[in-house]
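Listed below are the residues making up each chain.
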Amino acid sequence: MPKKRVLSPKSIWDYKQVQQTFVQAGIKESHLQRLYTALVQDPYVDLSTIPMMPKKAKSILDENYVRLTSRCKSFKQSADGETTKLLIELQDGLKVEAVIMTYDTSKRDASGQTGGKRHTLCVSSEVGCQMGCTFCATGTMGLTADLTSGEIIEQLVHARMRSPIPRNIVFMGMGEPMNNYEQVKTAISLMVHPNAFALRHKSVTLSTVGVIPRIIQLASDLPGISLALSLHAPNQELRQRIVPSARAYKLEKLIAAIDKYQEITKKRVLMEYVLLGPDFNCKSEHAEELGQLLHGKDVVLNIIPWNPILSPGFSYEAPPQATIQKFIEILDKKYRIPCTTRQEKGQDVDAACGQLVLNDGGKATCARDLEDLVV
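Below is a short write-up of the structure. On a predicted model such as this, the values are computed, not experimentally measured, just so you know. Each chain carries its own residue numbering, running from 1 in the written order of its sequence. Local features in this predicted model are restricted to residues of pLDDT 70 or higher, and side-chain atom pairs are both shown and tallied only at a pLDDT of 80 or more, whereas totals for entire chains, interfaces and linings draw on every residue. Calculated side-chain values reflect all of the structure's heavy atoms, with hydrogen atoms and water omitted.

Glancing now at the overall build of the protein chain. When you go through the protein chain residue by residue, the secondary structure sums to 11 helices and 14 strands. Within the protein chain, buried positions represent 57% of all 375 residues. Roughly 15600 Å² of accessible area belongs to the protein chain as shown, and the carbon and sulfur atoms make up 49% of that amount. Numbered from the N terminus, helices here are DSSP runs of H or I no shorter than four residues, and strands are runs of E no shorter than two. Burial classes follow relative accessibility: with a 1.4 Å probe on protein chains only, a residue under 20% of its type's maximum area counts as buried, one over 50% as exposed, and anything between as partly exposed. Throughout, the Shrake-Rupley method with a 1.4 Å probe supplies accessible areas, and for residues the shown protein chains are the sole cover considered.

Our next topic: the nonpolar core. Here, nonpolar core refers to any group of buried Ala, Val, Leu, Ile, Met, Phe, Trp, Tyr and Cys residues whose side-chain atoms link them within 4.5 Å. Grouped together as the largest cluster of nonpolar side chains are 90 residues, with contacts concentrated most on Trp13, Leu35, Tyr36, Phe171 and Phe197. At seven residues, the largest contribution of residues to this core is made by helix H5 (residues 181-192). Whether two residues are in contact is decided by their heavy atoms: any pair within 4.5 Å suffices. When sequence neighbours within four positions are dropped, the list of residues in contact with Tyr36 reads Ile12, Trp13, Asp14, Tyr15, Val18, Leu190, Asn195 and Ala196.

Here we come to the sheet that holds strand E11 (residues 226-230). Strand pairing within a sheet occurs via backbone hydrogen bonds; the two strands may be parallel or antiparallel. Strand order across the open sheet formed by 10 strands is E3-E4-E5-E6-E9-E10-E11-E12-E13-E14, with mixed pairing between neighbours. Pairing within the sheet leaves two strands with one partner each, and these edge strands are strand E3 (71-77) and strand E14 (339-341). The sheet shows a mean angle of 20 degrees between the axes of neighbouring strands, direction not considered. In this analysis an axis means a line fitted to C-alpha atoms, helices contributing only their contacting stretch, and an angle means the value between N-to-C directions, from 0 to 180 degrees. Of the strands in this sheet, strand E12 (269-275), strand E13 (299-305) and E14 touch helix H10 (residues 321-334), which is tilted by about 170 degrees from E13. Only strands that DSSP links by at least two bridges are regarded as paired with each other.

Among the seven residues that make up E13, six are buried, leaving the element largely enclosed by the rest of the structure. The pairing of E12 with E13 spans seven bridges and is classified as parallel. Its bridge partner being in E13, Leu275 is matched across the sheet by Pro305. Of the pairings in the sheet, the one linking E13 to E14 comprises three bridges and is parallel in character. Paired with Leu301 across the strands is Cys339, a residue of E14.

Within the secondary structure, Ser125 sits in the loop between strand E6 (117-122) and strand E7 (126-129). Those residues within four positions of Ser125 in sequence are excluded, and the remaining contacts are Asp146, Leu147, Ile152, Phe171, Met174, Gly175, Glu176, Pro177, Asn180 and Val184.

The subject of this paragraph is helix H8 (residues 251-265). Taking 1.5 Å per residue as the helical rise, H8 with its 15 residues ought to reach 21 Å, and the 21 Å between its terminal C-alpha atoms agrees with that figure. Every buried residue belonging to H8 is among Leu251, Leu254, Ile255, Ala257, Ile258, Tyr261, Gln262 and Thr265, and all of these are buried. The buried side chains of H8 occupy one side of the element, clustering within an arc of 155 degrees when seen end-on. Residues of H8 that are exposed and point more than 90 degrees away from the buried face comprise Glu252 and Lys253. A helix is expected to span 1.5 Å multiplied by its residue count minus one. Directions drawn from the helix axis to the C-beta atoms are what define this arc.

Further remarks concern unusual backbone geometry. Most peptide bonds take the trans configuration, and most residues that are not glycine carry a negative phi. Residue Ser8 is joined to Pro9 through a cis peptide bond whose omega torsion reads 10 degrees. Mapped onto the secondary structure, Pro9 falls in the segment before strand E1 (10-11). Note the cis peptide between Gly277 and Pro278, where omega equals 5 degrees. Residue placement: Pro278 occurs in the loop between E12 and helix H9 (284-294).

Okay, here's the thing in structure tokens:
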């Protein structure tokens, strides 16, 4: 069980708590919308300057809430300037990390798409993680605590203060978002609210190792957002060796849940697959089995060559380039499964996939912007 936290003061970005406070005080919902419209524009706005904001609301907010309960303890940028890692210290001294990634989409291939530079923010949902994935440094921490919805949103606020405004949010940082579901759901609701951050639903991606009941619930609660499944193996036996939590959620039932999710949402799902070398899950027979599992489904497979973390606790190796190419060739040409290879960003600031725990404590995403993969 995660650590029980007693937090004071409260974050003004805890949308549900502020909403409940307004209801109890008899303050109209419309004032709540005005509040967040103003806060997004300026987190330190003088509440008395918000049009039509009742003095009673200002007084209650000043007495019970603060603009930020966390602080950005460090801000590290990669040598190429494309990745920035934020170390966020929470009010009780716990720390999480968020990563800002920049993708230059001004030059495209045959598709002809252009778009200039896009900024994606990778956020954490927990301090540590209990899923124990055997290739991930964050998993070595165990689970310390769940974040509040306000602490999740504050990662976005800190990022907006220090970089161009992110247009995409990915829940691929520390933690399993589905295990902190209610707080994550509340945070996402504020991210996409038209009177708050006003992000497009499809621009928010939630990545999970596969908590089946929550996948189905997500389809009903937030049907427009994008879903990514950390698959990493083509069969149950191998998957539970890589992802120990898979023992609770069998692969057959997990794929059935994804089918149900897609039946409800009509949305493509991103399948993430870390290639663990030299040949742990990346042989040709693994590709064949994976192709059979995913053939005919509306998915994109995001291939992630394992990042050789400098830790004696990891026995995997980066797969050879020839292995990567053969794996993708089988899936693409034989099974017609769209594949993309993840472009690692931020290794020099420990912000690449699986590195969030090593020094002071993001994950990076794929070579193409996620917005292009899960439309």
